[in-house]
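The lines below spell out each chain.
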Amino acid sequence: MLFRSRPAGQPSIEPKSIGAGADLEYIATFEVFPDVDIEEMGSFEVERMSADVADDDIDNIIEVFRKQQGSMEDVERAAADGDTVNIDYAGTKDGEAFEGGSAEASDLELGSGRMIPGFEDGIVGMQAGEQKVLALSFPEEYHSEELKGAAVEFSVTLNAVKEQKLAPLDEDLFKQYGVEEGGEEQFRKEVSDNMSRELRNAIEAKVKQQVMDAVVAQHDSLDVPHALISQEVDVLRNQMFQQFGGAGAVQPEMDLKSLLPDDMFQENAERRVKLGLLLSEMVSRFELKADADKVRETIEEMASTYQDPEEVINWYYSNQEQLSSIESRVLEDQVVEKLLESANITEKECSYQDAEIGRAHV
């Protein structure tokens, strides 16, 4: 049997005649890869963020590291914003307890926004051993229908107040983050270099996102095989399951599709399949091959965050599957570079935080 088009996925088999001693006849229906016609992109809009890593940004990250390596210590004073308190609380609505409204010996960071508005503010100023009743209301957009906008009371007992003690800025801290020598100056340099790399990657990811959006919009009429979408849905579902630690908790009887239904991934899967077909055709049309120098540069940048970069580099080049993954990424970036030649690019000044927040994902 000769196929002029490449089948996409497994065929659907429909029996035509089944009988003892008779030839088996059936109809096999195949979805095939579509003919992909690349349309001229023309000029399209791309906004590129422009930001620098300032000393204050470095200070903020170093403070995060010091918190991570620091400790919580009991203090004998009133609770303040930023403290972690241990509390018992019991909530009532119209004098009756409601589900999820009570806890004992619960730790809460004041100012974290974990509780409903007014709850954490009401604890600020309380001393260990003090009790207090907070009259509050749940937000109108709260997820529970029963509690949307409801007036409630929380009886709160403050058991203890703990204050965050930052780890000292010393050699022990520096070693925790891979800086063995050079002291604080080298530590700040390492932090700055890492932040600059992350910033550059975040900016480029957002540019790439806009280019990919433009490609999909320009080829909105392209129909993609359902079989490919179904395969991609399965990939995304398994990725999410593993991301949240589900891989080690799989039970034979577990129905993963019921837990994470197709609808959750359908739109993203269709977009990814469409982009894959379009990018593949663009690579062919532009006669692109993965630039070996860019592949090496990408691997070296990834390896630079490890203790032994050379070992990581050798691992990539000895693992064909991983190397092919990097080559595919580099090819995508080369397509983006080609398409940006016709884009109308505007620069937007912003802060490091603005550029890093909401990093794009293609």
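Per chain, residues are indexed from 1 in the order of the written sequence. In view of the model being predicted, local features appear only for residues whose pLDDT reaches at least 70, and side-chain atom pairs are presented and counted only at 80 or more, with totals across whole chains, interfaces and linings using the full set of residues. With hydrogens and water stripped out, all remaining heavy atoms of the structure feed into the side-chain values.

A. Region of interest: helix 9 (residues 309-318). Relative accessibility under 20% of the residue-type maximum defines a buried residue, over 50% an exposed one, and the middle range a partly exposed one, all with a 1.4 Å probe and only protein chains included. Where helices and strands are cited, they refer to DSSP runs of H or I of at least four residues and of E of at least two residues respectively, numbered from the N terminus. Residues of helix 9 that are buried include every one of Val-312, Ile-313 and Tyr-316, and no others. Each buried residue of helix 9 lies within a common arc of 100° when the element is viewed along its axis, so the set occupies one face. In helix 9, the exposed residues that point more than 90 degrees away from the buried face are Glu-311 and Ser-318. Throughout, a residue-residue contact means that at least one pair of heavy atoms, one from each residue, lies within 4.5 Å. In this fold, the buried residues of helix 9 make contact with helix 8 (292-303) and helix 10 (320-340). This arc describes the spread of directions from the helix axis toward the C-beta atoms.

B. The arrangement of the nonpolar core in detail. By size, the foremost hydrophobic cluster in this structure holds 34 residues, and its most contacted members are Phe-44, Val-46, Val-211, Val-215, Met-282, Leu-339 and Leu-340. For this core, the secondary-structure elements that each account for two or more residues are helix 4 (183-218), helix 5 (226-243), helix 7 (266-285) and helix 10. Of the residues forming this core, the biggest block, eight residues, is contributed by helix 7. For Met-282, the contacting residues outside a window of four places in its chain are Ile-38, Val-215, His-219, Val-335 and Leu-339. Among buried residues, the Ala, Val, Leu, Ile, Met, Phe, Trp, Tyr and Cys ones that are joined through side-chain atoms within 4.5 Å form a nonpolar core. Counting residues in each nonpolar core, the second largest holds 22 residues, with Val-75, Leu-110, Phe-119 and Val-152 among its members.

C. Looking closely at helix 1 (residues 55-68). Residue count minus one, scaled by 1.5 Å, sets the expected span of a helix. For helix 1, built from 14 residues, the straight-helix expectation of 20 Å at 1.5 Å per residue is met to within 8% by its first-to-last C-alpha distance of 20 Å. Those residues of helix 1 not exposed but buried are Asp-57, Ile-58, Ile-62 and Phe-65. Along the long axis of helix 1, the arc covered by the buried residues comes to 130°, so they all point the same way. Of the surrounding elements, those touching the buried residues of helix 1 are helix 3 (171-176), helix 4 and helix 11 (352-356).

D. Expanded view of unusual backbone geometry. A positive phi angle is found at Asp-94, which is not glycine, with a value near 55°. Inspection of the secondary structure assignment puts Asp-94 in the loop between strand 5 (84-93) and strand 6 (96-109). A residue is classified by how much of its surface remains accessible, and Asp-94, at 71% relative accessible area, is exposed. Positive phi is not limited to glycine here, since Glu-287 has a value of about 55°.

E. Focus on the pattern of salt bridges. We define a salt bridge as a contact between a side-chain nitrogen of Lys or Arg and a carboxyl oxygen of Asp or Glu at a distance within 4 Å. Scanning the entire structure with this criterion turns up 18 salt bridges. A salt bridge links Arg-188 to Asp-59; the shortest N-O distance between them is 2.8 Å. Placement of Arg-188 in helix 4 and of Asp-59 in helix 1 is noted, with a sequence separation of 129 residues between them. When its relative accessible area of 35% is taken as the criterion, Asp-59 is described as partly exposed. We note a salt bridge from Lys-208 to Asp-333, for which the minimum N-O separation is 3.4 Å. Separated by 125 residues along the polypeptide, Lys-208 in helix 4 and Asp-333 in helix 10 bring together distant segments of the chain. For Lys-208, a relative accessible area of 12% corresponds to the buried category. Classification of Asp-333 as partly exposed rests on a relative accessible area of 31%. Via salt bridges that share partners, Arg-77, Asp-83, Glu-163 and Lys-165 belong to a single interconnected network.

F. Representation of the packing of helix 1 against helix 4 within the structure. Their axes nearest at 10 Å, the elements helix 1 and helix 4 cross at an angle of 105°. Here helix 1 lies roughly perpendicular to helix 4, going by the angle between them. Residues Asp-55, Asp-57, Ile-58, Asp-59, Ile-61, Ile-62 and Phe-65 of helix 1 form the contact with helix 4, whose participating residues are Phe-187, Arg-188, Val-191, Ser-192 and Met-195. Basically, the charged four are Asp, Glu, Lys and Arg, the nonpolar ten are Ala, Val, Leu, Ile, Met, Phe, Trp, Tyr, Cys and Pro, and anything else, Gly included, counts as polar. Split into classes, the residues belonging to the contact of helix 1 with helix 4 amount to seven nonpolar, one polar and four charged. Structural elements are reduced to axes, namely lines fitted to C-alpha atoms, with helices fitted over the stretch in contact, and the angle between N-to-C directions of any two is expressed from 0 to 180 degrees. Geometric relationships in this document are graded by angle, where less than 35 degrees denotes roughly parallel, more than 145 denotes roughly antiparallel, 65 to 115 denotes roughly perpendicular, and other angles denote oblique.

G. Looking closely at the packing of aromatic side chains. Ring pairs shown here join Phe, Tyr and Trp side chains whose ring centres sit within 6.5 Å, with only the six-membered ring taken for Trp; geometry is labelled stacked below 30 degrees between planes, edge-to-face above 60, and tilted in between. This model, assessed by the stated rule, comprises eleven aromatic pairs. Centroid distance Phe-98 to Phe-138: 5.8 Å. Interplanar angle 80°. Geometry classified as edge-to-face. Highlighted residues: Phe-98 in strand 6 and Phe-138 in the loop between strand 7 (131-137) and strand 8 (151-165), separated in sequence by 40 residues. Taking the relative accessible area as the measure of exposure, Phe-138 reaches 6% and is therefore buried. Pairing Phe-119 with Phe-154 gives two aromatic rings, centres 5.1 Å apart and planes at 85°, and the pair type is edge-to-face. Here Phe-154 lies in strand 8 and Phe-119 lies in helix 2 (residues 119-123), a separation of 35 residues in the sequence.

H. Here's a closer look at the side chain of Arg-197. Relative to the helices and strands, Arg-197 resides in helix 4. Despite its burial, Arg-197 pairs with no opposite charge, the nearest such side chain being Glu-301 at 4.9 Å. Contacts of Arg-197, omitting those with residues within four sequence positions, involve Glu-301, Ser-304 and Thr-305. As used throughout, the charge tally considers Lys and Arg to be positive and Asp and Glu to be negative, leaving His and the chain termini uncounted.

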